Amino acid sequence: MERTDGSGAIAPWYGIVDGERREAISGERLEVVAPSDGTVFATIPRGGERDIDAAVAAARVAFATGPWARLSASERGRLLLKLSGLVAVHAEEIAGLESRDTGKPISQGRADAAALARYFEFYGGAADKLMGETIPIATGHTAMTLREPLGVVGSIVPWNYPAQILGRVAGAALAAGNTLVVKPAEDACLSVIRVAELALEAGFPAGVLNVVTGLGAEAGAALAGHPNIDFVTFTGSPEVGTLIQRAAAMNHVGCTLELGGKSPQVVFADADLDAAVPVLVKAIVQNAGQTCSAGSRILVERSIFDELVARLADRFAALVAGPHDADLDLGPLVSARQKARVGARLAGAEAAGIRVVARGSVAANAPAGGFYQEAVLLAPVPREAPIWREEVFGPVLCVTPFDDEAEAIELSNATPYGLVAGVWTANGARQMRCARAIRAGQVFVNGYGAGGGVELPFGGFKRSGHGREKGFEALMEFTATKTIVLTHG
Ligand code: NAD
């Protein structure tokens, strides 16, 4: 099983379909590049339409007639708990894979592996606690509801948190009794394959958790538009989200979309800045800003604008980017393409005259072939600037002042997104007013949790998408209500 043995050899990885390791039917492969140095360290199958067909067929059989279909909710829960235990046993291996594949610092890889185990633990425990209701209707009848699995779920996973996003999707979807076909991102997918292998070791029947690697426009599009799936879940860019929703509509199946954000953190003059500053920095530096829920905009009350910017600037100037295994403040971006995207947005901001207040650095020993982007602090950022409104998906923090609470709320809501928000103030009534008025799927008061907790429902308002993952609520997304009425006189 060990494929990253440090021997320098390029390790071949395989998809998992119907309980077996699979090569792509075409036999073609894609290279996996390590963002820290730009070298190829593994290859994966370039799956396509026929591979997706095979995986969906296996998932359909597993759902309809296989041993999975006969398991009770508590038996499914026990399998998830077993998988959680195996992830914990292999946590260091998964953390290492995730870190090398995405470029994120190893401590973040470890946090992701721990969260992955926790997802399976949470949903393992929840599997047999999903209940229906009885409904009082006319005398002589008994009516009840059951939460039934949807069937075969297609999941398209991005590259920023492959392990965690697999955990939140597979945990909930499998707990509810569905089967899964996962198409992870071509830029980072090894942890997803590894978890599918561990699921077989845990005793999940063949066909329950299938992984087909490949390109978005090939394997991804084939999965989203497959006529034999029952639901699609997608996390990624708004542009691809549109394609996914259109494909789902063509088959009249539902989808959840998580399409990123431009999440505000509102800092009032009475905030505890000692507590706030490290959290404000972490919220954008985590995963080098490649986090859908990154706190990428800071709105600060004008009377403390200079003080807060100065404190943030001190921190930013000290931030160092370096290889994943050096475990510095941030790793490289995931790919040359992502580095070019972030660079183009920064160049646009600088050309528009937006002031760079502070810039971190790249470690002197960082390999020249890596995709490094130093952290950048911009302030004050005009409210009409594209970089204030559009997602950068890199370590770029924008700060702007506001004059009163009403303006802070208006500014918070003045982007197409609504994923997460932070509010920093000691005033209790203001905390609640802001939390209620800001249109975001999660609002944190005097804190911020990019990614927002295994137990907490997570998803967007407005263009950040629709549907909820995480928490107990995700089980609702992966099930449908069936109403049964008995007439007994
Ligand atoms: P993307 O949306 O293209 O990729 C996400 C996933 O979708 C990958 O698995 C990819 O293979 C798949 N995909 C791509 N095209 C597809 C298609 N036509 N049909 C089906 N699946 C398809 O994201 P990207 O190009 O890697 O990154 C672009 C931008 O997206 C980033 O700069 C960032 O702003 C955003 N993004 C957001 C998130 C998030 O967590 N919300 C994650 C990744 C990227």
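Residues numbered from 1 in each chain as written. Predicted model: local features only at pLDDT ≥ 70, side-chain atom pairs only at ≥ 80, totals over all residues. Heavy atoms only, no water.

Trainee: Lay out the domain arrangement of the chain in plain terms, naming residues and giving numbers.
Mentor: One can read the domain layout of the chain as domain 1 (11–259 + 468–483) and domain 2 (264–454). Each side of the interface is counted separately: domain 1 has 30 residues, and domain 2 has 32 residues. Where domain 1 meets domain 2, there are 1 salt bridge. Counting the contacts that link domain 1 with domain 2 gives 12 residue pairs in polar contact (both at pLDDT 80 or more). Mapped by element, the contributors of at least two residues to the side of domain 1 that touches domain 2 are α4 (91–102) and α5 (106–126). For the side of domain 1 that touches domain 2, the leading source of residues is α5, giving 8 residues. Its residues assigned to classes, the side of domain 1 that touches domain 2 comprises 13 nonpolar, 9 polar and 8 charged. (Domains from an automatic or database assignment. Contact = heavy atoms within 4.5 Å. Salt bridge = Lys/Arg side-chain N within 4 Å of Asp/Glu carboxyl O. Polar contact = N/O pair within 3.5 Å; in protein donor to acceptor, adjacent residues only side chain to side chain. Helix = DSSP H or I, 4+ residues; strand = E, 2+ residues; numbered from the N terminus. Nonpolar A, V, L, I, M, F, W, Y, C, P; charged D, E, K, R; others polar.)

Trainee: Hey, could you go over the nonpolar core for me, with residue numbers and the actual values?
Mentor: What tends to happen in soluble globular proteins is that the nonpolar side chains get buried as a cluster. With 63 residues, the main nonpolar core has Tyr-123, Leu-180, Leu-190 and Phe-204 as its most contacted residues. When sequence neighbours within four positions are dropped, the list of residues in contact with Tyr-123 reads Leu-80, Arg-168, Gly-171, Ala-172, Ala-175, Val-454, Lys-470, Gly-471, Ala-474 and Leu-475. Ala-276, Ala-288, Leu-319 and Val-399 belong to the second largest nonpolar core, which has 58 residues in total. (Core = buried A, V, L, I, M, F, W, Y, C linked by side-chain atoms within 4.5 Å. Buried < 20%, exposed > 50% of the residue type's maximum accessible area, 1.4 Å probe, protein only.)

Trainee: Outline a nonpolar patch on the surface, supporting the account with residue identities and numerical values.
Mentor: A cluster of nonpolar side chains, Ile-135, Ile-137 and Val-485, forms an exposed patch at the surface whose accessible area comes to about 230 Å². The topology assignment puts Val-485 in strand β23 (residues 479–487). (Patch = residues over 30% accessible without salt bridge, like charges linked within 9 Å, V, L, I, M, F, W, Y side chains within 5 Å. Areas by Shrake-Rupley, 256 points an atom, 1.4 Å probe, with all protein chains shown as cover.)

Trainee: How would you explain the site of the ligand if you had to name every residue and give the values?
Mentor: Taken together, 28 residues form the shell around the ligand, and within it Val-157, Trp-159, Lys-183, Glu-186 and Ser-237 come nearest. Side-chain polar atom of Ser-237 to an oxygen atom of the ligand: 2.7 Å apart, as the coordinates give it. At 3.4 Å, a backbone N or O of Gly-260 approaches a nitrogen atom of the ligand. Contact with the protein chains covers 90% of the free accessible surface of the ligand, which is 810 Å². Residue assignment for the shell around the ligand shows that the elements contributing at least two residues are α8 (216–224), β11 (231–235), α9 (238–250) and α12 (336–351). Tallied by class, the residues present in the shell around the ligand amount to 14 nonpolar, 8 polar and 6 charged. A domain split of the shell around the ligand shows at least three residues from each of domain 1 (11–259 + 468–483) and domain 2 (264–454). (Near = heavy atom within 4 Å.)

Trainee: Help me get a handle on the environment of Ala-34, residues and values and all.
Mentor: Take Ala-34: it is sitting in the loop between β4 (29–33) and β5 (40–45). Along the backbone, Ala-34 and His-324 are 290 residues apart, and their C-alpha atoms lie at a distance of 9.5 Å. If we skip the residues at most four places from it in the chain, Ala-34 touches Thr-39, Phe-41, Arg-100 and Phe-371.

Trainee: Lay out the packing of α4 against helix α7 (residues 190–202) in plain terms, naming residues and giving numbers.
Mentor: Two numbers describe how α4 lies on α7: the axes approach to 8 Å, and their chain directions differ by 155°. Relative to α7, α4 is oriented roughly antiparallel. Contact residues: α4 offers Glu-93, Ile-94, Leu-97, Glu-98 and Asp-101, while α7 offers Leu-190, Ser-191, Arg-194 and Leu-198. Of the residues in the contact of α4 with α7, the class split is 4 nonpolar, 1 polar and 4 charged. (Axes fitted to C-alpha atoms, helices over the stretch in contact; angles between N-to-C directions. Parallel < 35°, antiparallel > 145°, perpendicular 65-115°, else oblique.)

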